Amino acid sequence: MMLNLEKTSATLCKVLRFVIAEQQYVANIDRLREIVLYRPSIPVPHSPPFLKGVIDLRGLVIPLIDMRERLGIPPAARSAPTHILVVGLGEMVAGLVVDHVRDVLQVDTDQFQIPDASEGCSSLCRGVCRIKDDLLLLIDLDAVLSAEERAGTEAQEILKNI
């Protein structure tokens, strides 16, 4: 379930705050299964650039999606510890690679503002809010993989065959 930012009454929700390239992001924790420390992955030949490989997580093989790549952030050396957010994306489970995890926040959905398309926010960005001095971008987990990628294009076929 994604945040409904169009509600008129205030609703509190829990979000996970994490960092990618020194920018703070949040995502609704409803789809979060667990957080694990980064581990080396096995590359998948002919995969799209955002698919960094697969890992075995207690017998479950999951694809790793590099959130830097998905957000259009240039690659850079990550500082330790790097984390993997294990999340449910539709019918599949995937690991989202982020620089590090900060905390869980309880946020009033009325605090989020939906940016204009002209502000250059990625389709992954569902809203923006300020907590104290921090500007947080809300990531839409439904948009991490496009409908085409989920429906059977190159990335989905690779993930299905793992």
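Quick look at the structure, then. Just so we're clear, the structure is a prediction, and the values are computed from it rather than from any experiment.

## Topic: the overall build of the chain
Thinking step 1. Helix and strand counts for the chain stand at three helices and ten strands.
Thinking step 2. Moving toward the C terminus, one meets the helices and strands of the chain in the order β-β-β-β-β-α-β-β-β-β-β-α-α.
Thinking step 3. Per-residue burial over the chain gives 46% buried out of 162 residues.
Thinking step 4. Surface accessibility of the chain: about 8,800 Å² in total, with carbon and sulfur atoms responsible for 51%.

## Considering the pattern of salt bridges
Thinking step 1. Scanning the entire structure with this criterion turns up five salt bridges.
Thinking step 2. For the salt bridge of R17 with D103, the shortest nitrogen-to-oxygen distance reads 2.9 Å. With R17 in strand β1 (residues 12–20) and D103 in strand β8 (residues 100–108), this pair connects stretches of sequence that are 86 residues apart.
Thinking step 3. Its relative accessible area of 26% is what places D103 among the partly exposed residues.

How each quantity is defined
Residues numbered from 1 in each chain as written. Predicted model: local features only at pLDDT ≥ 70, side-chain atom pairs only at ≥ 80, totals over all residues. Heavy atoms only, no water. Helix = DSSP H or I, 4+ residues; strand = E, 2+ residues; numbered from the N terminus. Buried < 20%, exposed > 50% of the residue type's maximum accessible area, 1.4 Å probe, protein only. Areas by Shrake-Rupley, 256 points an atom, 1.4 Å probe, with all protein chains shown as cover. Salt bridge = Lys/Arg side-chain N within 4 Å of Asp/Glu carboxyl O.

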